[in-house]
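The chain contents come next:
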Amino acid sequence: MAIDIKVPEMGESVTEATISAWTKKEGDAVKVDEVLAILETDKVSLEIPAPTSGVLKSITKKVGDVVHVRDIMGIIEEGAVASAPASSGAPTPKAEVVSAQPNTGKVNEELPPAARKLIEENKLDVSKITGTGRNGQITKEDVILFMEKGGASASSAPKAAASPEIPRAVVVSANAGPRETVVPMTKLRQTIANRLVSAQHTAAILTTFNEVDMSPIMELRNKYKDKFKETHGVGLGFMSLFTKAAVAALKAYPAINAEIRGTDIVYKNFYDIGVAVGGPKGLVVPIVRNADLLSFAGVEQEIARLAGKVKDGKISLEDMEGGTFSISNGGVYGSMMSTPILNPPQSGILGMHNIVKRAVVVNDQIVIRPMMYLALSYDHRIVDGKEAVQFLVKIKEMVEDPTRLLFEV
């Protein structure tokens, strides 16, 4: 019985995606719920599971094809058994890949098509490429990183004797790989690029800065982090403290939690905070819903849950839709200061940065304190400069005196 592999519903306003990889090829045996293909939408990557067990009879949509909801991507012959490979006869395409790459040790037979294409075109040594995908699979990004680091091709191994007719002057680079590698932008990266440009063209973005003494919050964290983890099963980080401080500041200055809708200003009476999380495919911003109603432990648990989904590639569209305000922590990558870009239609985003010990003046004395720069980018069409400055001051006051968070003052 033939079962269609269809493109599933992908969330509100998402109607198309690009096939970035097939994990199986025609004739392969598949098990129900086994991942067959990966789609990239303008927001996330989606894994397409097998609807039944059997044999992948045909693939009707290739890598790079744009597909729409309910399109048929392929067909599974339910209950069929994959035939054993013939012991003789013409070599299969797989055998050609092996012969084209001598001295590679082993070839991953489950290479995604995009990765396989780059490897074949550049005659790369597969055995030297470290895979970071599922079960150690080599991804397209792994191949690109390998080439950027000067990874050699299988054909670039030293010869027994140099060819005398080739002048040494033709050697223009120590890198045995190509001087340039052209890789099409993914659907996700195209959308990110378009939205960043759109945000700068449609909003009057301005950034204001302040600095905060992290000593009190670090002392509080060090004092209770072990007991906190023992009680709640999650670590006590700075993000929950800054999230709660941001919620308090948003309540005090509601314009920063609002958006422009046509000619109206829409003030939000709920606090869904987007928290930027780095993943294998770049930075994504899942939403901590109703952060004002969560405890510190609740915020930490929700951030940990969302970060885990991002790391595993399981983040969904619903996890990232909406949001009234965002927080980005460039400090985890060593950033000293930056000007974060708004996530439309939001009117504000808080940027946290690296914690650095610096000499500061406290009570007319020069002391060494762990300091962090804070940045607030905001839409000047709706938020006045005075409000933006006061917003950052409010966060500074709460971080430097964390008991204010407990008493909400």
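Placed above this text is the structure.
The rules behind the values
- Residues numbered from 1 in each chain as written.
- Predicted model: local features only at pLDDT ≥ 70, side-chain atom pairs only at ≥ 80, totals over all residues.
- Heavy atoms only, no water.
- Helix = DSSP H or I, 4+ residues; strand = E, 2+ residues; numbered from the N terminus.
- Buried < 20%, exposed > 50% of the residue type's maximum accessible area, 1.4 Å probe, protein only.
- Contact = heavy atoms within 4.5 Å.
- Pairing = 2+ DSSP bridges.
- Axes fitted to C-alpha atoms, helices over the stretch in contact; angles between N-to-C directions.
- Expected span 1.5 Å × (residues − 1).
- Bend = angle between axes of the 7 residues up to and from the residue.
- Parallel < 35°, antiparallel > 145°, perpendicular 65-115°, else oblique.
- Left-handed = near helix turned anticlockwise from the far one by under 90°.
- Nonpolar A, V, L, I, M, F, W, Y, C, P; charged D, E, K, R; others polar.
- Phe/Tyr/Trp six-rings, centres within 6.5 Å; stacked < 30°, edge-to-face > 60°.
- Lys NZ or Arg CZ within 6 Å of the ring centre and 35° of its normal.

**Q** Residue-level account of the overall build of the chain, with values.
**A** If you tally the helices and strands in the chain, you get 10 helices and 18 strands. Looking at the 409 residues of the chain, the share that counts as buried comes to 39%. Restricting the contact set of the chain to residue pairs at least 6 apart, pairs at least 24 apart contribute 63%.

**Q** I'd love a proper account of the sheet that holds strand β5 (residues 45–49), names of residues and values included.
**A** What the four strands build is an open sheet, ordered β5-β4-β2-β7; its pairing is antiparallel. If you trace the sheet from one side to the other, it starts and ends with β5 and β7 (66–68), each paired once. With strand direction ignored, the average angle separating the axes of adjacent strands in the sheet is 40°. Pairing of strand β4 (residues 35–40) with β5 involves five bridges; the strand directions are antiparallel. The residue of β5 that forms the bridge with L39 is L46.

**Q** Give me the lowdown on helix α5 (residues 215–232), citing residues and values where you can.
**A** With 18 residues, α5 should reach 26 Å at 1.5 Å per residue; the first-to-last C-alpha distance of 24 Å fits that figure. Considering bend angle alone, the principal kink of α5 is centred on Y224 and spans about 50°. Within the span of α5, buried status applies to S215, I217 and F228. At its buried positions, α5 is contacted by β9 (205–213), α6 (238–252), α7 (296–311), β18 (365–379) and α9 (385–400). The positive-phi residue at the C-terminal boundary of α5 is G233, with phi of around 75°.

**Q** I'd love a proper account of the packing of α6 against α9, names of residues and values included.
**A** Following both chains from N to C, one finds α6 and α9 inclined at 140°, their axes separated by 9 Å at the closest point. When the axis of α6 is compared with that of α9, the two are oblique. Crossing of α6 against α9: the hand is right-handed. Between α6, through F242, A245, A246, A248, A249, L250 and A252, and α9, the contact on the second element is made entirely by F391, K394, I395, M398 and V399. Of the residues contributing to the contact of α6 with α9, the split by class is 11 nonpolar, no polar and one charged.

**Q** Can you explain the packing of aromatic side chains? Please cite residues and give values.
**A** Within the structure shown, the criterion is met by one aromatic pair. Taking 5.6 Å as the distance between ring centres and 55° as the angle between the ring planes, the aromatic pair formed by F325 and F391 counts as tilted. Taken as a pair, F325 in strand β16 (residues 325–329) and F391 in helix α9 lie far apart in primary sequence, 66 residues in all. Comparing F325 with F391 shows no difference in burial state: the two are buried. We note R221 situated over the ring of F238; from NZ or CZ to the ring centre the distance is 5.1 Å. Lying across the ring of Y373, R358 places its NZ or CZ 4.4 Å from the centre.

**Q** Explain the pairing of strand β10 (residues 258–261) to me, and be specific about the residues and the numbers.
**A** Across four bridges, the pairing between β10 and strand β11 (residues 264–267) is antiparallel. Paired with A258 across the bridge in β11 is Y267. The turn joining β10 and β11, which pair antiparallel and follow one another in sequence, is formed by two residues; a positive phi near 70° is taken by G262.

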